[in-house]
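Structural overview
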Amino acid sequence: MNTLNHLAIILDGNGRWAKSKGLPRKAGHVAGAKNVETICRAVHKRGIKYLTVYAFSTENWNRPEDEVSAIMKLFDSYLDTCIKDCEKNNMVIRLIGDRSGIGKLLPKVELLEEKSKNNTGLNLTIAINYGSRNEICHAAEKIAEDYKAGKISEINDELFSDYLYTKDIPDPDLILRTSGEQRLSNFLLWQAAYSEFLFVEKPWPDFDEKELDKAIEAYNNRDRRYGKIKEDN
Ligand code: FPP
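Cut-offs used in this document
- Residues numbered from 1 in each chain as written.
- Predicted model: local features only at pLDDT ≥ 70, side-chain atom pairs only at ≥ 80, totals over all residues.
- Heavy atoms only, no water.
- Pairing = 2+ DSSP bridges.
- Helix = DSSP H or I, 4+ residues; strand = E, 2+ residues; numbered from the N terminus.
- Axes fitted to C-alpha atoms, helices over the stretch in contact; angles between N-to-C directions.
- 1 Å grid on protein atoms, 1.4 Å probe; cavity = no way out; pocket = protein on both sides within 12 Å on 5 of 7 lines; lining within 4 Å.
- Points joined across faces, edges and corners; volume = space filled by probe spheres on them.
- Nonpolar A, V, L, I, M, F, W, Y, C, P; charged D, E, K, R; others polar.

1. Some thoughts on the sheet that holds strand 2 (residues 50-57)
With parallel pairing, the 6 strands of this open sheet are ordered in space as 3-4-2-1-5-6. Across the chains shown, the open sheet's two edge strands, defined by having one partner strand only, are strand 3 (92-96) and strand 6 (196-199). When the angles between neighbouring strand axes are averaged without regard to direction, this sheet yields 20 degrees. Pairing between strand 1 (residues 6-10) and strand 2: 5 bridges, direction parallel. Bridged to Ala8 within strand 2 is Thr52.

Written out as structure tokens, the structure is:
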């Protein structure tokens, strides 16, 4: 059996979920944000140590202004709740993404990261204004600077990983995407080298504990070889 230490989820389908109910897209995002809380508890209960959620990509800014602003308001109030409930929830919360572009969310993110860093429960990483290519470019830029300054001499994959936003976070064991699309959409491209993938039909607001258990079971049945061959072959 495999150990699911880090589950990463591409939250997709909030808009379609709302549309199917005759609701505005914003209502789908409200339901989606609520579901993040439910799934955090469920994941922790099942002994999974790391959960990463892809909430907003560098490309999502191209959505209509009123939708983007509704999503930003949701993040803002989610951060307030997390700051308030920091001790009770006991989660270690981090943001990955380009922090220079998140405006007034930044001080709240920094406060929450500081406040939650010594907690001992679930490690929740939220990807906001995140793009994997952008992350890799930033890392390459910083590595070039440090190389030029003589701070580093050899560039290998371990060192490269330390320059990414996900430094200190293990690579995801399972990357799951809801709502039927089968693509990575610029999420954790470097970190996904040996991840397992799972695509489920349910839109994110309908992804419940039962779906989570099905996903864990599917993951447990995967044969992870990391490029090696099975011993009995
Ligand atoms: C995905 O569905 C949702 C987003 C890209 C928007 C932001 C996500 C949330 C509000 C939930 C996470 C919240 C927190 C607090 C971490 P979509 O709009 O792409 O759905 P569609 O493909 O059906 O249009």
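2. A word on empty space enclosed by the protein
Under the defined criterion, the tally for this structure stands at 1 cavity of 30 Å³ or more. Here the largest cavity defines a volume of roughly 40 Å³. The wall of the largest cavity is formed by His6, Thr52, Thr125, Thr166, Ile169, Pro170, Asp171, Pro172, Leu188 and Gln191. Residues of the lining of the largest cavity, tallied by class, amount to 4 nonpolar, 5 polar and 1 charged.

In short, geometric facts, not functional conclusions.
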